[in-house]
Amino acid sequence: QVQLVESGGGLVQAGGSLRLSCAASGRTFSSYDMGWFRQAPGKEREFVAAIRWSGDMTAYADSVKGRFTISRDNAKNTVYLQMNSLKPEDTAVYYCAARSPKFASIRVITSYDYWGQGTQVTVSS
């Protein structure tokens, strides 16, 4: 069992930056693929970014590529999402998720086993 707690959300102006953190419980964090997803009001939850357990592969949604960076610190059991050049359309609740490695792409939302409670990101224009 893995428990995930997100932090770092808030209100920021367009063009600004935020860094989200996701702290994971448990001793096996380094063996989990980690992902960030978001859900805007009235929309389905969507993939944002993910990183393999080994850290040697990352993936990004086209809408955030070049602006967002995912990273992990296995010594701290934490995954980060650095968000730069934020846009109003980035406004959403951001969720951290974990999964044991699978054949499915790390982009696939249904392949994730554990979810955090989410953190709100609001970008004003």
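Residues numbered from 1 in each chain as written. Predicted model: local features only at pLDDT ≥ 70, side-chain atom pairs only at ≥ 80, totals over all residues. Heavy atoms only, no water.

1. A word on the state of the cysteines
- Evaluation of the coordinates by the stated rule reveals one disulfide.
- Each sulfur of the disulfide joining cysteine 22 and cysteine 96 lies 2.1 Å from the other. Note on the cysteine 22 and cysteine 96 pair: the S-S dihedral is about -75°, so by sign convention the disulfide is left-handed. Here cysteine 96 lies in strand 9 (residues 92-99) and cysteine 22 lies in strand 3 (residues 18-24), a separation of 74 residues in the sequence. Taken as a pair, cysteine 22 and cysteine 96 share a single burial class, namely buried. (Disulfide = S-S within 2.5 Å. Helix = DSSP H or I, 4+ residues; strand = E, 2+ residues; numbered from the N terminus. Buried < 20%, exposed > 50% of the residue type's maximum accessible area, 1.4 Å probe, protein only.)

2. What to know about the sheet that holds strand 3
- The sheet built from four strands is open, its strands ordered 1-3-8-7 with antiparallel pairing. Only two strands of the sheet have a single neighbouring strand rather than two, namely strand 1 (4-7) and strand 7 (68-73). For this sheet, the mean angle separating the axes of adjacent strands, direction not counted, is 15°.
- Examined bridge by bridge, strand 7 and strand 8 (residues 78-83) share six bridges and lie antiparallel to one another. Looking at the pairing, serine 71 lines up with tyrosine 80 of strand 8. (Pairing = 2+ DSSP bridges. Axes fitted to C-alpha atoms, helices over the stretch in contact; angles between N-to-C directions.)

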